[in-house]
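# Coordinate analysis (summary)
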Amino acid sequence: MNSLVLLLLIIAGGALLSYFGHRINQLLGNITVFIVALIIPIYWFTQVDFTETVSLTISGFHLEWGYNMYGKLFSMIVMILSPLALIYAIGYMKDQKKLATFYFSFLFSILGMTGILMSRDFVSLFIFWEIMTWSSYLLVIFFGKDVEKTGIKYMVFSALGAYAMLMAIVIINNNTGSMMLADYFTAFGGFSLQTKLLTGILLMFGFALKSAVMPLHVWAPGAYSNTPMAYTSVFSGALSKMGIYGLGFVVVNLFAHANMSIVGDVLAWLGAITAVLATFSAIFQDDAKKLLAYSSIAQLGYIVTGIGIGTELSVMAGLYLAILHAAFKGVLFMAVGAVERQAGSTDMTVVSGLVRKMPFTFFASLIAIIALAGIPPLGGFVAKWMLYESLITNGNFLMVIMIFLSSTAAFLYCYKFLFGLFLGQQEPEFDHVKEASPLMVVPMILLSLFLMVTGAYPGIVLKYIAAGMTNLGFHDVSWQMSVLTNTWGDSVNFQHIFLAVVVVFVAFLIFLTWRGYKHSTKVSTKDISVSGEMIKPEDNMTYSKDFYKPFERVLQPILKWKINKYYDEFGKGLEALFDFMRRIYTGNGQTYAVYVITFLVILLVFSKSIFGY
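Now for a look at the structure at hand. (Residues numbered from 1 in each chain as written. Predicted model: local features only at pLDDT ≥ 70, side-chain atom pairs only at ≥ 80, totals over all residues. Heavy atoms only, no water.)

## Quick word on the packing of aromatic side chains
Pairs of aromatic rings are described using the distance from one ring centre to the other and the angle between the two planes. Applying the stated rule across the entire model yields 39 aromatic pairs. With centroids separated by 5.1 Å and ring planes inclined at 15°, the aromatic side chains of tyrosine 70 and tyrosine 245 adopt a geometry described as stacked. Of the two residues, tyrosine 70 is situated in helix H3 (residues 69-92) and tyrosine 245 in helix H10 (residues 229-255); the sequence distance between them amounts to 175 residues. Judged by centre distance (5.4 Å) and plane angle (55°), the ring pair of tyrosine 154 and tryptophan 219 falls under tilted. With tyrosine 154 in helix H6 (residues 147-176) and tryptophan 219 in the loop between helix H8 (193-210) and helix H9 (220-226), this residue pair connects regions lying 65 residues apart in the sequence. Accessibility assignment for this pair places tyrosine 154 and tryptophan 219 in one class, buried. Grouping aromatic residues by their ring pairs yields a cluster made of Phe102, Tyr103, Phe106, Phe142, Phe143, Tyr154, Trp219, Tyr224, Tyr231, Phe235 and Phe333. (Phe/Tyr/Trp six-rings, centres within 6.5 Å; stacked < 30°, edge-to-face > 60°. Helix = DSSP H or I, 4+ residues; strand = E, 2+ residues; numbered from the N terminus. Buried < 20%, exposed > 50% of the residue type's maximum accessible area, 1.4 Å probe, protein only.)

## Notes on empty space enclosed by the protein
For the structure on display, the rule yields 2 cavities of 30 Å³ or more. Roughly 100 Å³ of volume is contained in the largest cavity. Phe122, Leu125, Leu181, Tyr184, Phe185, Leu203, Phe207, Tyr245, Gly246, Phe249, Val250 and Leu254 together form the lining of the largest cavity. Elements supplying a minimum of two residues to the lining of the largest cavity: helix H5 (122-140), helix H7 (181-187), H8 and H10. Taken together, Val251, Phe255, Ala256, Met260, Ser261, Gly264, Gly308, Ile309 and Gly310 make up the lining of the second largest cavity. Mapped by element, the contributors of at least two residues to the lining of the second largest cavity are H10, helix H11 (261-283) and helix H12 (288-309). Looking at side-chain class alone, the lining of the second largest cavity contains 5 nonpolar, 4 polar and no charged residues. (1 Å grid on protein atoms, 1.4 Å probe; cavity = no way out; pocket = protein on both sides within 12 Å on 5 of 7 lines; lining within 4 Å. Points joined across faces, edges and corners; volume = space filled by probe spheres on them. Nonpolar A, V, L, I, M, F, W, Y, C, P; charged D, E, K, R; others polar.)

## Digging into the side chain of serine 211
Structurally, serine 211 can be placed in the loop between H8 and H9. If near-sequence neighbours (up to four positions away) are discounted, serine 211 is found in contact with Ser240, Gly243, Ile244, Leu247 and Leu300. (Contact = heavy atoms within 4.5 Å.)

See below:
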């Protein structure tokens, strides 16, 4: 049997087996999930023949599946992060209800992403896209929190993206007579300007929406924070990359090579704006899940900016950030899930001082934060350097200022996250907290090690990105094009920097410990005043509450203009319109008779203008 078909059958079969296993017994279901989580990546890395294709015809449509190097690059994200998240979920979801539905939906979302990345025709792409969307929707509403608000918002925006893609597919088929992606790419240059813009922008709309590009991001904060953290790591780390995958094809392979870079520039500016505004929104969150949700949107903004610019270096930087984002956001959402399960809350004004209770979770979080912030010696530094360099060499000086501002401001929420959950004073109510189970800790540590290795040896990842970029129309791509990699080669030598950081950190720690050990006084965090704010006796002035109040006060005029308000007003307007239209259908036969007579009179009076006689 074809290895691609067998891969899809393994994932679908695993979903069914886990469903029935959990219906019988939780232990049996968990064992099934663990085995499936091991089989899927092992089979993909060892048995899948990436030169194979699958061709079939259904209802007159020719369908074709097969990997190219670009799709293989994104499949690596899915095949590494998703199995680790499945194993993590066994510990996180222990004793939860509806586990059969949870794992079934989880595995089917993996099936959808896998199918998207091997689809060579628009019909298959659309079908797998819908499988991914519906299965992820079931996980967004899994806990039943804010279903009417968060769940419906996610589905409405997903439906808008899907309909936009469907319209583009119909127009493409009408102009090419084919549903194949390759035929569209080949014929694009011969389209009229109107058809180029219409098909390309409709596809971009669908892909950008899944990547949470502002102003299409409003579904993401609620969806990321309400979904079980075991899946949010995949939601943010892998599923959002399906949008990036599509944007790469549309912006780079079509518009950039058709001398229509203005479209990519607009997307790049939207990415930069997304990065800045989402970063400041993250800073002022008190809940760690909401903080990471806005942080994810901001990080996706960097990636979209790199893709939008469309140069070799910017695209490579964007794709490198996409891979790193999958890893460090996977770790952070898993860490927040561990804190939620062990401490019962992710509110950073409530939970604090868990570093001694959960040292492995803290270590993984620290590594991920360093990578996210772009601090040497991890890969985030290399990726952001390449993005800055690409923007400067391309003359996008204002945009590089915005990206640098966002990256610098990200230190504020990075520090707030670490201090809020781990480094603050331990409260007595959390004395019972213990480290998360090995099933939850091991996936976090493995992803952290990946971040450390790819920081010191970026060539491990960059060579695959260079190969994948050939499918975007680039030729003879050298991943050593950056000044950074030209200077230091295929491995970045941060030994001296790393040694200096360690020496300073250790010396400072020893000094503080020696200086303050005998003079320490343990007080409640409720007695601590910060930021120089004038406080009242009833105010809670912990570190994580209102610490950035001065910044919030300055930025309030900008942040108060939330696009979500306008969407809500538009929704209320539609609701009022539909309510008015509903009144037309009274259920009274006499009323309907009046409607029919009125319609016939209109036809008789205006028959000449309508029918011409």
